[in-house]
Amino acid sequence: MVWGPFLIALSAVADDSTLHLGQYSSPHTLNPFQIATIDSAIVTENIYEGLVVPSSDGGIKAGQAENWRFENQGRRIVFTLRDGLQWSNGDPLVADDFVKGFHYQADPANGFMMASRLKMLKLVNIDAVTAGDMPPERLGVSAPDKRTLVLNLEQSVDHALYLLVNQYPLHTPTVKTYGEGWAKIGRMVVNGAYIPREMVINEKLRMIKNPLYHDADRVRIQQAVLYALTMEAEFKQYEAGQLDMTYSVLPGRSNWLQSRFGNELKINKHSGTYFYTFNLENPKFKDARLRRALAYAIDREVITEKVTGYGNPAAKTFAPLPTLSGNHPENSPLMSATQQERIEEAQRLYKESGYSLDNPLTIEILYNTMESHRLIALVVADMWKRTLGVHTQLRNVEWNSMEAELFEKKFDTVRTGWAMGHPNACFLYPIFMSGSPSNVSGYSSADFERQLQQACYSFNKDERAKGLKTIEETLARDMPAIPIYHYQDARLVKPRVQGYPEDGRYAHFRIQDLWLKAPMPSARAAQ
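Residues numbered from 1 in each chain as written. Predicted model: local features only at pLDDT ≥ 70, side-chain atom pairs only at ≥ 80, totals over all residues. Heavy atoms only, no water.

**Brief notes about helix α10 (residues 288–296)**
And then number 1: Counted residue by residue, α10 has eight buried out of nine residues, so it is predominantly covered.
And then number 2: When α10 is considered as a whole, its buried residues turn out to be Ala288, Leu290, Arg291, Arg292, Ala293, Leu294, Ala295 and Tyr296. (Buried < 20%, exposed > 50% of the residue type's maximum accessible area, 1.4 Å probe, protein only. Helix = DSSP H or I, 4+ residues; strand = E, 2+ residues; numbered from the N terminus.)

**A few points about the environment of Met402**
And then number 1: Structurally, the position occupied by Met402 is in helix α16 (residues 399–407).
And then number 2: Counting along the chain gives 56 residues from Met402 to Ala346, while the straight-line C-alpha distance between them is 29 Å.
And then number 3: With residues up to four places along the chain from it excluded, the contact list for Met402 reads Leu366, Tyr367, Asn368, Val397, Val414 and Arg415. (Contact = heavy atoms within 4.5 Å.)

**Focus on the packing of helix α8 (residues 231–239) against helix α9 (residues 254–261)**
And then number 1: Where α8 contacts α9, the axes come no closer than 13 Å and their chain directions differ by 15°. Put simply, α8 runs roughly parallel to α9. In the crossing of α8 with α9, the sense of the turn from one axis to the other is left-handed. Across the interface between the two elements, Phe235, Tyr238 and Glu239 of α8 pack against Trp256, Leu257, Arg260 and Phe261 of α9.
And then number 2: Residue classes in the contact of α8 with α9 are distributed as five nonpolar, no polar and two charged. (Axes fitted to C-alpha atoms, helices over the stretch in contact; angles between N-to-C directions. Parallel < 35°, antiparallel > 145°, perpendicular 65-115°, else oblique. Left-handed = near helix turned anticlockwise from the far one by under 90°. Nonpolar A, V, L, I, M, F, W, Y, C, P; charged D, E, K, R; others polar.)

**Considering the pattern of salt bridges**
For side chains of opposite charge, pairing can occur when their charged atoms come near one another.
And then number 1: Per the stated rule, a full pass over the model turns up 27 salt bridges.
And then number 2: Lys119 is the salt-bridge partner of Asp127, the closest N and O atoms lying 2.8 Å from each other.
And then number 3: Judged by its relative accessible area of 41%, Asp127 falls in the partly exposed class.
And then number 4: In this structure, the salt-bridge partner of Arg510 is Asp513, at a minimum N-O distance of 3.9 Å. (Salt bridge = Lys/Arg side-chain N within 4 Å of Asp/Glu carboxyl O.)

**Re the layout of surface pockets**
And then number 1: Put simply, the second largest pocket is a space of about 370 Å³.
And then number 2: As for the second largest pocket, its lining consists of 18 residues, and the residues nearest its centre are Thr29, Asn31, Gln34, Glu180 and Gly181.
And then number 3: Class assignment for the residues of the lining of the second largest pocket results in nine nonpolar, seven polar and two charged. (1 Å grid on protein atoms, 1.4 Å probe; cavity = no way out; pocket = protein on both sides within 12 Å on 5 of 7 lines; lining within 4 Å. Points joined across faces, edges and corners; volume = space filled by probe spheres on them.)

**Re the state of the cysteines**
And then number 1: Evaluated as defined, the whole model comprises one disulfide.
And then number 2: Disulfide partner of Cys426: Cys456, at an S-S distance of 2.0 Å. Linking Cys426 and Cys456, the disulfide has an S-S dihedral of approximately -105° and is accordingly described as left-handed. Of this pair, Cys426 sits in the loop between β14 (413–419) and α17 (446–457) while Cys456 sits in helix α17, and the two are 30 residues apart along the sequence. Cys456 carries the same exposure label as Cys426, and that label is buried. (Disulfide = S-S within 2.5 Å.)

**Here we look at helix α18 (residues 461–478)**
And then number 1: The first and last C-alpha atoms of α18 sit 26 Å apart over 18 residues, in line with the 26 Å expected at 1.5 Å per residue.
And then number 2: Check the buried side of α18 and you find it contacts α10, α12 (321–324) and α17.
And then number 3: At the N-terminal boundary of α18, the capping side chain belongs to Asn460, with an oxygen 2.8 Å from the backbone nitrogen of Asp462.
And then number 4: Positioned one or two residues after α18, Met479 has a phi angle of 45°, which is positive. (Expected span 1.5 Å × (residues − 1). Polar contact = N/O pair within 3.5 Å; in protein donor to acceptor, adjacent residues only side chain to side chain.)

**Quick notes on the packing of aromatic side chains**
And then number 1: Per the counting criterion, the structure on display carries 21 aromatic pairs.
And then number 2: Look at Phe432 and Phe448: their rings are 6.4 Å apart centre to centre, the planes differ by 80°, and that puts the pair in the edge-to-face class. Of the two residues, Phe432 sits in the loop between β14 and α17 while Phe448 sits in helix α17, which places them 16 residues apart along the sequence.
And then number 3: The exposure class of Phe432 is buried, given its relative accessible area of 2%.
And then number 4: Judged by its relative accessible area of 0%, Phe448 falls in the buried class. (Phe/Tyr/Trp six-rings, centres within 6.5 Å; stacked < 30°, edge-to-face > 60°.)

**As for unusual backbone geometry**
And then number 1: The phi angle at Lys122 is positive, at roughly 65°, despite the residue not being glycine.
And then number 2: You can see Lys122 is positioned in the loop between α4 (115–121) and α5 (126–130).
And then number 3: Residue Lys122 is classed as buried on the basis of its relative accessible area of 16%.
And then number 4: With a phi close to 55°, Lys409 is a non-glycine residue in the positive phi region.
And then number 5: Look at Lys409 and you get buried, because its relative accessible area is 19%.

**Here's the deal with the confidence of the model for the protein**
And then number 1: In this model, the protein carries an average pLDDT of 89, and 94% of its residues clear a pLDDT of 70 or more.
And then number 2: Counting interchain partners and residues more than four positions distant, the pLDDT-below-50 stretch residues 1–13 has 27 contacts.
And then number 3: Counting contacts from residues 522–527, a segment whose pLDDT is below 50, to residues more than four positions away or on other chains yields nine contacts. (pLDDT = per-residue confidence, 0-100.)

**Quick word on empty space enclosed by the protein**
And then number 1: Applying the stated rule across the entire model yields five cavities of 30 Å³ or more.
And then number 2: In this model, the largest cavity occupies a volume close to 70 Å³.
And then number 3: Lining of the largest cavity is provided by Glu45, Tyr48, Glu49, Gly50, Val52, Val53, Pro54, Val165, Asn166, Tyr168, His508 and Arg510.
And then number 4: Taken together, the residues of the lining of the largest cavity break down into six nonpolar, three polar and three charged.

Listed below in structure tokens is the structure:
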């Protein structure tokens, strides 16, 4: 990536009303119903706003809805929208726009990954709609008047509000005018604090303040520019005073960054898990013994201590331990065994599944291009080689290409991750639900489906706890994916950025919640 001239251009716009942020890549889409990456989510949650929004303490606060109430023993949620809501083009925003958003998201013709959230929400008729057996208009959502939205659920869901954080309205006239190409700058109409104004693929995206946003008077940052940069280029620009905030940090450099930048290094909670996911449609990986052997041969502590290095917990469960509230299997090899014991079990299972030093497994690790992913893949390949004799090939592609390969099942094992959005284990398990658009492994288990219902929807607290434990036992037995570590959010933030979540709190923030206390120093010309 050539970024020298880019540095000079940045200095001309640095002021106390423009925020400059690093971003690993350009968003793969601006369609808020189609997001599948954090890069896209960061943008869409700043240009759109849902009924409710998350707070930095892990709670929920009002978004487009000013209040809500639960009726019919939690099986009906009634939202009242704020008065006078508008789209960015001045059109009134009404409750039926949210109804149309639900219909659009659930329509199987669109095949959106985010439809899995509506299944988790247990909206009336959601299974029949996503299966194509009913039209989206039969979904359990209605708008009796312009400011009232009613959701009817098949049963009460105690985490329902968290599932609605990224549930957005749809500006139907734009979709009718442009069809599938509606979510492009210059065409799209939004309802969030910012309007996307300019995007140069793999270079930058610029957003400006939306003057028609309902809380525009409190939005102090007038524009934000997100730059698509490699980790190394991002760090150099931050060090040169070109960026207010990085998207990530150099892997394995936490002590050096702490000594170099002090409190500018921010490490916050971020619920989610980094996986190596198997393609279960490949006959080679049908045997769960082989999948467990590959999982046990990985020394996760080496990865978290030597490669990531920012306090990421080694993954011994699929969902992060704090989200399980103590309801985890104590005796699984990932939880209780020493690494040497895991290696011995891996070697036994590898042999039982038909492989040996004389007949080694050949496997490919697919990952999206990023230095930290490359380093982890190298370490895992070395562990598999030394422990089992596995021959491993590495292949990296850009995210857009990898996304296509995931759904066409053109992989052996692939680097995936799931950011949960809320510290509740039930927000991770849909990636293993049969038929879920986010289930890239092809895993299907009647045991898992039954346990998921128990863990996430039982009215009995003890039954829910039992369900969480048995889900983790089932996933550890079947090993459709290898959990490697749990996420933390680590980035560098300039002192002039105010309002960023304090260390140790949840990393969620929206640009509209930040402000800048002084201009950035003038940028140095690139050498």
